[in-house]
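Below, each chain spelled out in residue letters.
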Amino acid sequence: MSRSASTKAAAKAAAKTATEARLAVYSGTFDPLTLGHEDVIARAARLFDQLIVAVAAAHHKKTQFTLEQRLSLARQSLAEWPQVRVLPFDGLIMDFCRQHGATAVVRGIRNASDFDYEAQMAAMNRKLLPTVETVFVLPQPELQCISSTLVREIARLGGDVSALVNPAVAAQLRSAHSAALH
């Protein structure tokens with residue numbers, strides 16, 4: 001298939017799905033979900049009819065919270081958005097998108113380093129599943145410094161993370177770290 005035929009086929013598929021609900025997927029380990037993540041989710045929820053927050057099993061990482069805990073915390077934090085579903089996933093995100101009929105992947109971009117990494121991932125994902133677009137979303141400037149890694153470290157050292165995460169997440173972090181001290 002020529003490049004122009006491929007482009008026309010993709011446009012035709014996009015036109016067909018335009019009459020259906022527009023579903024996007026925002027994936028990550030969310031260990032834990034931060035206010036930066038929530039801001040990206042709120043922005044994406046306004047752009048799409050439905051949004052799946054896909055919580056990765058993350059076999060390649062040592063997570064502080066189990067998959068079940070991360071799913072529960074995300075569901076608690078995102079309960080106010082009825083068009084947002086929280087689901088677990090394992091494997092390739094493009095396979096997950098195909099299984100759920102997603103037309104887009106949402107990625108949060110905090111800085112130039114994130115962009116460099118995410119642009120490479122978007123190009124590879126396009127090779128795997130050309131009908132799914134990647135949409136980059138920037139969180140509010142005051143939230144761009146927040147990362148799950150920094151939140152975990154601040155909490156581990158006894159710092160206050162209440163301005164960085166949802167109250168349910170802050171409580172779970174306090175509980176996990178007070179249990180570790182005893």
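Each residue is numbered by its place in its chain's sequence as written, counting from 1. Per-residue local features are limited, in this predicted model, to residues with pLDDT of at least 70; the limit for side-chain atom pairs, both in listing and counting, is 80 or more; totals at the level of whole chains, interfaces and linings are taken over all residues. To obtain the side-chain values, all non-hydrogen atoms of the structure were used and water was disregarded.

1. Some remarks on the environment of Pro 167
Link 1 in the chain: Counting through the fold element by element, Pro 167 comes out in helix H7 (residues 167-181).
Link 2 in the chain: On the basis of relative accessible area, Pro 167 is assigned to the exposed category, the value being 62%.
Link 3 in the chain: With 94 residues separating them in the primary sequence, Pro 167 and Leu 73 have C-alpha atoms 9.9 Å apart. Helix and strand definitions follow DSSP, with helices as H or I runs of at least four residues and strands as E runs of at least two, each counted in order from the N terminus. Exposure categories follow from relative accessible area, calculated using a 1.4 Å probe and restricted to protein chains: below 20% of the type maximum is buried, above 50% is exposed, and the middle band is partly exposed.

2. Things to note about the packing of aromatic side chains
Link 1 in the chain: Paired rings are identified among Phe, Tyr and Trp, the last through its six-membered ring, by centres lying within 6.5 Å, and are further divided according to the angle between planes into stacked (under 30 degrees), edge-to-face (over 60) and tilted (the rest). A complete count under the given rule lists three aromatic pairs for this structure.
Link 2 in the chain: Aromatic side chains Tyr 26 and Phe 30 sit 5.3 Å apart centroid to centroid with 70 degrees between the ring planes, which places their arrangement in the edge-to-face category. Summarising the burial analysis for this pair, Tyr 26 and Phe 30 share the class buried.
Link 3 in the chain: Ring centres 5.6 Å apart and planes at 55 degrees place the aromatic pair Phe 89 and Phe 96 in the tilted group.
Link 4 in the chain: On the basis of relative accessibility, which here comes to 12%, the residue Phe 89 falls in the buried class.
Link 5 in the chain: Take Phe 96: its relative accessible area is 6%, and that puts it in the buried class.

3. Comments concerning the pattern of salt bridges
Oppositely charged side chains may form a pair once their charged atoms are brought near each other.
Link 1 in the chain: Salt bridge, as applied in this entry: a Lys or Arg side-chain nitrogen positioned within 4 Å of an Asp or Glu carboxyl oxygen. Here the structure, examined in full by the defined rule, presents seven salt bridges.
Link 2 in the chain: A salt bridge links Asp 39 to Arg 43, with the nearest nitrogen and oxygen atoms 2.8 Å apart. Taken together, the positions of Asp 39 and Arg 43, both in helix H2 (residues 35-47) and four residues apart, correspond to about one turn of that helix.
Link 3 in the chain: When the shortest N-O distance is used, the salt bridge between Glu 118 and Arg 107 registers 2.9 Å. On the criterion of sequence distance, the pair formed by Glu 118 in helix H5 (residues 112-128) and Arg 107 in strand S4 (residues 104-108) is long-range, its members being 11 residues apart. The pair Glu 118 / Arg 107 is uniform in exposure class, with both members buried.

4. Things to note about the layout of surface pockets
Link 1 in the chain: Taken as a whole, the largest pocket spans an internal volume of roughly 1200 Å³.
Link 2 in the chain: Site definitions follow a grid-based scheme: protein atoms alone, a 1 Å grid, a 1.4 Å probe that fits but cannot get out for cavities, and for pockets an open set with protein on both sides within 12 Å along at least five of seven lines, plus lining residues having an atom within 4 Å of a point. The wall of the largest pocket is formed by 46 residues, among which Ser 27, Gly 28, Thr 29, Lys 61 and Arg 107 lie closest to the centre.
Link 3 in the chain: For the lining of the largest pocket, the secondary structure elements donating two or more residues are strand S1 (23-28), H2, helix H4 (93-100), S4, H5 and helix H6 (148-156).
Link 4 in the chain: If one sorts the elements of the lining of the largest pocket by residue count, H5 sits on top with eight residues.
Link 5 in the chain: Classification convention: Asp, Glu, Lys, Arg as charged; Ala, Val, Leu, Ile, Met, Phe, Trp, Tyr, Cys, Pro as nonpolar; all other residues, Gly among them, as polar. Classifying every residue of the lining of the largest pocket by side-chain character gives 20 nonpolar, 17 polar and nine charged. Grid points are joined across faces, edges and corners, and a volume is the space filled by probe spheres set on the points.

5. Re the pairing of strand S5 (residues 133-137)
Link 1 in the chain: A pair of strands is considered paired only if DSSP assigns at least 2 bridges between the two. Bridge count between S4 and S5: five bridges; the pairing is parallel. Each residue of the ladder has a partner; that of Arg 107, found in S5, is Phe 136.
Link 2 in the chain: Note on handedness: a crossover is taken as right-handed if, strands pointing away from the viewer, the path from the first strand over the helix to the second is clockwise. Remark: the S4/H5/S5 crossover connection has right-handed handedness.

6. Some points on the nonpolar core
Within soluble globular proteins, side chains that are nonpolar tend to cluster in buried spots.
Link 1 in the chain: Joining through side-chain atoms within 4.5 Å is the link that ties buried Ala, Val, Leu, Ile, Met, Phe, Trp, Tyr and Cys residues into a set, and such a set is a nonpolar core. One finds Ile 41, Leu 51, Val 53, Leu 78, Val 84 and Val 106 to be the most contacted residues of the largest nonpolar core, which totals 23 residues.
Link 2 in the chain: Considering each element in turn, this core owes the most residues, five residues, to H2.
Link 3 in the chain: Contacts are assigned to residue pairs that have any heavy atoms within 4.5 Å of one another. With residues near it in sequence (within four places) discarded, Leu 51 still touches Leu 23, Ala 24, Val 25, Tyr 26, Ile 41, Ala 44, Ala 45, Gln 83, Val 84, Arg 85 and Val 106.
Link 4 in the chain: Counting residues in each nonpolar core, the second largest holds 14 residues, with Ala 54, Cys 97, Ala 102 and Leu 129 among its members.

7. Digging into the pairing of strand S3 (residues 84-89)
Link 1 in the chain: Across six bridges, strand S2 (residues 50-56) lies against S3 in parallel orientation. Within S3, the residue paired with Ala 56 across the bridge is Phe 89.
Link 2 in the chain: You can see the chain leave S2, run along helix H3 (residues 67-77) and come back into S3, and the turn it takes is right-handed.

8. A word on H3
Link 1 in the chain: Of all the positions in H3, only Leu 67, Arg 70, Leu 71, Leu 73, Ala 74 and Ser 77 are classed as buried. Seen end-on, H3 carries its buried residues on one side only, within an arc spanning 165 degrees. Directions from the helix axis toward the C-beta atoms define the arc.

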